[in-house]
Amino acid sequence: MDDPPKNAGFKRNLAGFGTTIAAAMLGFTLGGVWLDKKFGGGIIFTLSGVGCAVFYIGYELWKLNAATRVGSDSEEESVGTRNDEH
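My aim in this report is to walk through the structure given alongside it, one point at a time. (Residues numbered from 1 in each chain as written. Predicted model: local features only at pLDDT ≥ 70, side-chain atom pairs only at ≥ 80, totals over all residues. Heavy atoms only, no water.)

Observations concerning the side chain of T46
Inspection of the secondary structure puts T46 in helix α2 (residues 44-85). Excluding its chain neighbours within four sequence positions, the residues that come into contact with T46 are T29, G32, V33 and D36. (Helix = DSSP H or I, 4+ residues; strand = E, 2+ residues; numbered from the N terminus. Contact = heavy atoms within 4.5 Å.)

Some points on a nonpolar patch on the surface
Together, F28, Y56, Y59 and W62 line one region of the surface with nonpolar side chains, adding up to about 440 Å² of accessible area. With 3 residues, the single largest contributor to the nonpolar patch is α2. Tracing the chain through its elements places F28 in helix α1 (residues 8-39). (Patch = residues over 30% accessible without salt bridge, like charges linked within 9 Å, V, L, I, M, F, W, Y side chains within 5 Å. Areas by Shrake-Rupley, 256 points an atom, 1.4 Å probe, with all protein chains shown as cover. Salt bridge = Lys/Arg side-chain N within 4 Å of Asp/Glu carboxyl O.)

Regarding the environment of A22
Here A22 shows up in helix α1. Accessibility expressed as a relative area gives 49% for A22, which makes it partly exposed. Spatially, the C-alpha atoms of A22 and A53 are 9.6 Å apart, while their sequence positions differ by 31 residues. (Buried < 20%, exposed > 50% of the residue type's maximum accessible area, 1.4 Å probe, protein only.)

Here we look at the packing of aromatic side chains
Two measures describe an aromatic ring pair: the distance that separates the ring centres and the angle between the ring planes. Counted according to the given criterion, the structure contains 3 aromatic pairs. Between F28 and Y56 the ring centres are 6.2 Å apart and the planes differ by 55°, which places this aromatic pair in the tilted class. With F28 in helix α1 and Y56 in helix α2, this pair connects stretches of sequence that are 28 residues apart. Accessibility expressed as a relative area gives 35% for F28, which makes it partly exposed. Y56 gets classed as partly exposed once you look at its relative accessible area, which sits at 33%. (Phe/Tyr/Trp six-rings, centres within 6.5 Å; stacked < 30°, edge-to-face > 60°.)

Below is the structure:
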């Protein structure tokens with residue numbers, strides 16, 4: 001049987017992260033534009049929306065990095081154990 005490649009889950013996570021980037025930038029920016037039009041704030045709400053999107057994307061990147069490191073740490077430990085036995 002064909003087993004999926006070892007990095008298939010990582011690629012799926014990256015695709016999900018790309019979608020998250022697009023949705024966050026679009027949602028927060030359009031929300032800021034809408035608030036600017038509603039309250040007549042110039043561009044302050046739009047810039048705030050972009051700032052919130054950047055913060056949220058950074059948080060999602062941090063979570064993706066943490067999830068990736070968890071998998072690689074366990075592999076490093078098992079490799080280190082095998083090397084210690086020889």
